[in-house]
Number of protein chains: 2
Amino acid sequence: MSKIDHPVIPETMGLIPAITYLFLMFTFIPFMFLKYGVDNGTETHNSNGFKGLFPNSKLSTYLSCLLSLESMILLGLLDDLFDIRWRHKFFLPSIACIPMLIVYYIHFNKTSVLIPRFVAKRLPDYIISGNSIDLGWLYYVYMGSVSIFCPNSVNILAGINGLEVGQTIVITVLLLMNDLYYLAVGAGGNADAYSIHMFSVCFLIPFLGISTSLLQYNWFPSRVFVGDTWCYFSGMVFAVVGISGHFAKTLMLFFIPQIFNFIYSAPQLFGIIACPRHRLPKFNKEDGLLYNSYTEYEGEGNKPLNLKLYPIMNLLEKLKLISLVKKQKGDKEIIIKSSNLTLINLTIIWTGPIREDKLCLTIMIMQFAVGLTMLILRHSLAPMLFGFDNSWTMLNRFY
Amino acid sequence: MSKIDHPVIPETMGLIPAITYLFLMFTFIPFMFLKYGVDNGTETHNSNGFKGLFPNSKLSTYLSCLLSLESMILLGLLDDLFDIRWRHKFFLPSIACIPMLIVYYIHFNKTSVLIPRFVAKRLPDYIISGNSIDLGWLYYVYMGSVSIFCPNSVNILAGINGLEVGQTIVITVLLLMNDLYYLAVGAGGNADAYSIHMFSVCFLIPFLGISTSLLQYNWFPSRVFVGDTWCYFSGMVFAVVGISGHFAKTLMLFFIPQIFNFIYSAPQLFGIIACPRHRLPKFNKEDGLLYNSYTEYEGEGNKPLNLKLYPIMNLLEKLKLISLVKKQKGDKEIIIKSSNLTLINLTIIWTGPIREDKLCLTIMIMQFAVGLTMLILRHSLAPMLFGFDNSWTMLNRFY
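Read on for a plain summary of the structure.

Re the overall build of chain A
Counting its secondary structure elements, chain A contains 15 helices and 10 strands. A globule of 399 residues ought to have a C-alpha radius of gyration of about 21 Å, and chain A, at 24 Å, matches this closely. Counting the 399 residues in chain A, one finds 55% classified as buried. Just so you have it, chain A exposes about 17500 Å², and 67% of that area is on carbon and sulfur atoms. On chain A, the mean spot of the 30 positive side-chain charges and the mean spot of the 25 negative ones are 6 Å from each other.

If you want it as structure tokens, here you go:
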């Protein structure tokens, strides 16, 4: 949409890297597991000095993750083909995550989460054990929500070249930094912690590979569009890693820009103020820059702005969180249009008219900055809140 | 093609039952495995009186089978969408079967097959052990070929309403009979044999369900076409069951009609005699029956029949394996056209002009008759050949 000559560009190109990733992960199985020798149901003493039972639960977890990813690709593809209705496609990830959750249930069924000490203190003893609270089946609802949230939040922060892929790369890098931190400190000699972060690294490094290569084609001026398939698939990779690694809470920290974008968009999504069909920034042929797009409140067919919202809108404008266009009408001025409520538009308010690739890069940098801060807080603040950083002592949650 | 008014009919409808099947199998996991209790890495003593380690290897085998099936669906769908070249799509199943083979390798790596006693006697001792010969890596080539063979052979015996689905139903029923035989005799008290045939039943009964329901729509006059997706998927179900159950040889017995169809078609497929673009039987508007379709050897653009082949063609005609149309030319008669070499055409030679659904039913009945005979021979002759029926003593091949 933001190109001078409107070229025809292939859609759903995210499918190819997604499938590539999948078959890469298939062929990766032997390299990941043969160090334990071939499973013959008995104790293995193999050349690499490994001793003990074959880590079958790890293998079936790995396989169930791949099943969830492949289901997500399949459903995402169907969505791209048949344009499933929004309120239906929203729940596609919850179907895709079934295999993973089932295997999680069979193997670990660990449904307790750590809660801050000061909260724990105030809760009756019969619902908490030590610092953790057992959510029971609610924990599966929670995991299901995580796997619905990640794909959709990647999907919602989109619209300019490179952003769909760019944001996933930033999140991947942040997750890898978190894993490497654990691996660096040897997870405080905790074998379980060590193995789950090794597990997540195994998923993330190949993903980083395919997403960077996809970015080359998707970056402005993009030669391919990635389609919902990619958004769903990449979001599911994060969900899979977070859930199987039991660090879904930490995962959420790296989705703050997407969460903010959702909350920020809410008034338009839920019809509190009018929402045009497209909220993409406006492209200006003359200078080739992107400008804010606005929602009109005047003229026929345009829902006028509720007067009660005026003070809020003016406050937001003062906070540079929205840009308004006003008109003197008699004694008081009225708002005739306001910038659309998306993170992309907000960024343009801060930077002013900007070229598409610069805009994308700016958003990615902001995203990384926020994520990095969260990562640092996670490992400095968390120990105070929870009484300990679980990179040092961790619940036995993996084989 | 064989309908009076040519209606537009949805293609690739095999996708829906395939995906249904997949998610059915996902949700089936707890019912299949929770009787062993939840896996906590230690010996489980659960209420159902089960004692021992959680059968993880069985779970990961199950998951790897589902992965192969889902990959097959994904690739089949891509094939239907983009019409992949024949010599490429032929090998799609070999990609899809990778996860299954890898997990098979990790868990069992049993690469020995039983061979008839009289053969074993004649082989040097260093390559055989008892009645079985260890194929090593060749066994994986063999399993790979099986998974290439099944989907493609289902794909090649097609062209009339209901046959794609009908033939899979017949094979499923035959496989179920084989399984039930083992289960009935309690597999001679062999727990492994019992469990693998239980495993295969778990895959086949749901498959029978979706394929029969699909047949209702695909039966003449069919309202849907199943597409390659179905042929590949259904073929892969059989491959998965046969390979993971280690009875690929028995599986082949039920594919004899498909094998015959392939051999019978070979002269045309490999261009020994001319091959028209379509070899489907000819539809006659007047009586609504299907007639043989022919390959022409006369007229421009038609490759004449090699004279060396005359005796063979005449012999085949005597054996009622081909129908020829001849013409007196001078002193000797020449063949001007011969029926196309497909099992469908051959059946029409035997039955005469026939309605599409009757034709499909005839082929299915023949297929079942052949399969049943093979099944009986399998359990009567095999013991003589191999020295024992492996329904009584079976190699330990499952956890």
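A few points about the relation of the copies chain A and chain B
By a simple turn and slide, chain A fits onto chain B: the slide is 0.0 Å along the axis, the RMSD is 0.1 Å, and the turn is 180°. Within this description, the copies of the chain are treated as partners about a two-fold rotation axis. Across chain A, the rotation axis passes nearest the C-alpha of serine 60 of chain A, at a separation of 2.3 Å.

Quick look at the sheet that holds strand S10 (residues 332–339) of chain B
Residue and element names in this part refer to chain B. Spatially, the three strands line up as an open sheet ordered S8-S10-S9, and their pairing is antiparallel. Edge positions in the open sheet fall to strand S8 (294–296) and strand S9 (324–329), since each of these has one partner strand only. Put simply, the sheet's adjacent strands are angled 35° from each other on average, direction ignored. The pairing of S9 with S10 spans six bridges and is classified as antiparallel.

Section: the interface of chain A and chain B
Listed by partner, the interface residues are 40 residues for chain A and 40 residues for chain B. Overall, the association of chain A and chain B removes approximately 3300 Å² of surface from exposure, summing both partners, and the carbon and sulfur fraction of that is 83%. Run the count over chain A and chain B and you get zero salt bridges. Connecting chain A to chain B are two residue pairs in polar contact (both at pLDDT 80 or more). Where the side of chain A that touches chain B is concerned, the elements lending two or more residues are helix H1 (15–33), helix H2 (56–82) and helix H5 (98–107) of chain A. Counting residues per element, the side of chain A that touches chain B draws most heavily on H2 of chain A, which supplies 16 residues. Residue composition of the side of chain A that touches chain B, by class: 29 nonpolar, nine polar and two charged.

Looking at the pattern of salt bridges
Residues and elements named next belong to chain A. Taken as a whole and assessed by the stated rule, the structure comprises 12 salt bridges over all chains. The salt bridge involving glutamate 298 is made with lysine 327; its shortest N-O contact spans 3.0 Å. Placement of the pair is glutamate 298 in the loop between strand S8 (294–296) and helix H13 (310–318) and lysine 327 in strand S9 (residues 324–329), with a sequence separation of 29 residues. For glutamate 298, a relative accessible area of 28% translates into the label partly exposed.

Description of the state of the cysteines
Cysteine pairs can be covalently joined through their sulfur atoms, and such a bond is termed a disulfide. Residues and elements named next belong to chain B. This model, assessed by the stated rule, comprises zero disulfides over all chains. A disulfide-free cysteine, cysteine 65 has its sulfur positioned 11 Å from the sulfur of cysteine 97, the nearest such atom. In this structure cysteine 65 comes out as buried when scored by relative accessible area, which is 0%.

What to know about the environment of valine 240 of chain B
Residue and element names in this part refer to chain B. Mapped onto the secondary structure, valine 240 falls in helix H10 (residues 227–244). Residues valine 240 and isoleucine 160, spaced 80 residues apart in sequence, show a C-alpha to C-alpha distance of 26 Å. Each residue touching valine 240, except ones within four places of it in the same chain, is listed here: Cys65, Ser68, Leu69, Met100, Phe203 and Gly245.

Some details on helix H15 (residues 356–386) of chain A
Look at H15 of chain A: 43 Å from first C-alpha to last across 31 residues, which is about the 45 Å you get at 1.5 Å a residue. Along H15 of chain A, the largest kink reaches about 35° and is centred on arginine 378 of chain A.

What to know about the sheet that holds S8 of chain A
Residues and elements named next belong to chain A. An order of S8-S10-S9 is seen for the three strands of this open sheet, with the pairing classed as antiparallel. Among the strands making up the open sheet, the edge pair consists of S8 and S9. Looking at each pair of strands side by side, their axes are set apart by 35° on average, direction ignored.

Criteria and thresholds
- Residues numbered from 1 in each chain as written.
- Chains lettered and ligands numbered in written order.
- Predicted model: local features only at pLDDT ≥ 70, side-chain atom pairs only at ≥ 80, totals over all residues.
- Heavy atoms only, no water.
- Helix = DSSP H or I, 4+ residues; strand = E, 2+ residues; numbered from the N terminus.
- Rg over C-alpha atoms; globule rule 2.2 N^0.38 Å.
- Buried < 20%, exposed > 50% of the residue type's maximum accessible area, 1.4 Å probe, protein only.
- Areas by Shrake-Rupley, 256 points an atom, 1.4 Å probe, with all protein chains shown as cover.
- Lys, Arg positive; Asp, Glu negative; His and termini not counted.
- Charge placed at Lys NZ, Arg CZ, Asp CG, Glu CD.
- Least-squares fit on C-alpha atoms with pLDDT ≥ 70 in both.
- Pairing = 2+ DSSP bridges.
- Axes fitted to C-alpha atoms, helices over the stretch in contact; angles between N-to-C directions.
- Contact = heavy atoms within 4.5 Å.
- Buried area = accessible area lost by both parts, 1.4 Å probe.
- Salt bridge = Lys/Arg side-chain N within 4 Å of Asp/Glu carboxyl O.
- Polar contact = N/O pair within 3.5 Å; in protein donor to acceptor, adjacent residues only side chain to side chain.
- Nonpolar A, V, L, I, M, F, W, Y, C, P; charged D, E, K, R; others polar.
- Disulfide = S-S within 2.5 Å.
- Expected span 1.5 Å × (residues − 1).
- Bend = angle between axes of the 7 residues up to and from the residue.

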